[in-house]
Amino acid sequence: MMRKATTLADIAHGRSGDKGNHANIAIIAYKPAGFEWLRQHLTADQVQQYFAALAPSRVERYEAANVLALNFVLYDVLGGGASRSLRLDNQGKTLALALLQMPIEKPEKLRAMRRGK
């Protein structure tokens, strides 16, 4: 049970798009402290479970420490890809925004992870 909850949007922003039938989601921390939290807590398994309704065949996570980002590739989630899919978001452009709404337990040092001063 989570004590106090927040969302990934408190510590990161994101970008997503299609790679054929696969989606690519980058979650980019605002600050180094947020990136360290993401590295330790945001796993490929969690992302796969979060997007279970899209039935990804697998999810892979890559680190891009130089830009404070984690990149997730969700395989087989776009219904055939942009030109074949009947899905509303056939290019996966909204998936980063969806992932940023994932509830997380409030990090101890949340203030040091938020954007701004």
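Placed above this text is the structure.
Computed from a prediction, not measured in an experiment: that's the story for all the values here. Along each chain, numbering runs from 1 in the same order as the chain's sequence is written. Local features in this predicted model are restricted to residues whose pLDDT is 70 or higher, and side-chain atom pairs enter the listing and the counts only when it is 80 or higher, whereas totals over whole chains, interfaces and linings include all residues. Only heavy atoms go into the side-chain values, all of them from the structure, while hydrogens and water stay out.

A. Up close: the overall build of the chain. Helix and strand content of the chain: three helices and six strands. Counting from the N terminus, the helices are the DSSP runs of H or I reaching at least four residues and the strands are the DSSP runs of E reaching at least two. Its helices and strands in sequence order give the chain the pattern β-β-β-α-α-β-β-α-β, from N to C terminus. Exposed residues in this analysis have more than 50% of their type's maximum accessible area, buried residues have under 20%, and partly exposed residues fall in between, with area computed by a 1.4 Å probe over protein chains only. Looking at the chain as a whole, 38% of its 117 residues are labelled buried. Taking the contacts inside the chain whose residues are at least 6 apart along the sequence as the reference set, 63% of them involve residues at least 24 apart. Roughly 7000 Å² of accessible area belongs to the chain as shown, and the carbon and sulfur atoms make up 51% of that amount. Any two residues whose heavy atoms approach within 4.5 Å at even a single point are treated as in contact. The Shrake-Rupley method, run with a 1.4 Å probe sphere, supplies the accessible areas, and residue values consider only the shown protein chains as cover.

B. Highlighting unusual backbone geometry. The backbone phi angle of Ala 55 is positive, close to 55°, even though this residue is not glycine. You can see Ala 55 is positioned in the loop between α2 (44-50) and β4 (58-64). Its relative accessible area of 52% is what places Ala 55 among the exposed residues. Of note in the backbone geometry, Asp 76 takes a positive phi value of approximately 65° without being a glycine. Within the secondary structure, Asp 76 sits in the loop between β5 (69-75) and α3 (95-100).

C. How the structure looks around the sheet that holds β5. Strand order in this open sheet of four strands is β2-β3-β5-β4, and the pairing throughout is antiparallel. The open sheet terminates on both sides in strands that have one partner only, identified here as β2 (12-19) and β4. Pairwise comparison of adjacent strand axes, ignoring direction, gives a mean angle of 20° for this sheet. Pairing between β4 and β5: seven bridges, direction antiparallel. Paired with Ala 64 across the bridge in β5 is Ala 69. The rule for pairing is simple: two strands pair if DSSP sees at least two bridges between them. To obtain each axis, a line is fitted to C-alpha atoms, and for helices this fit is confined to the stretch in contact; angles are then taken between N-to-C directions over 0 to 180 degrees.

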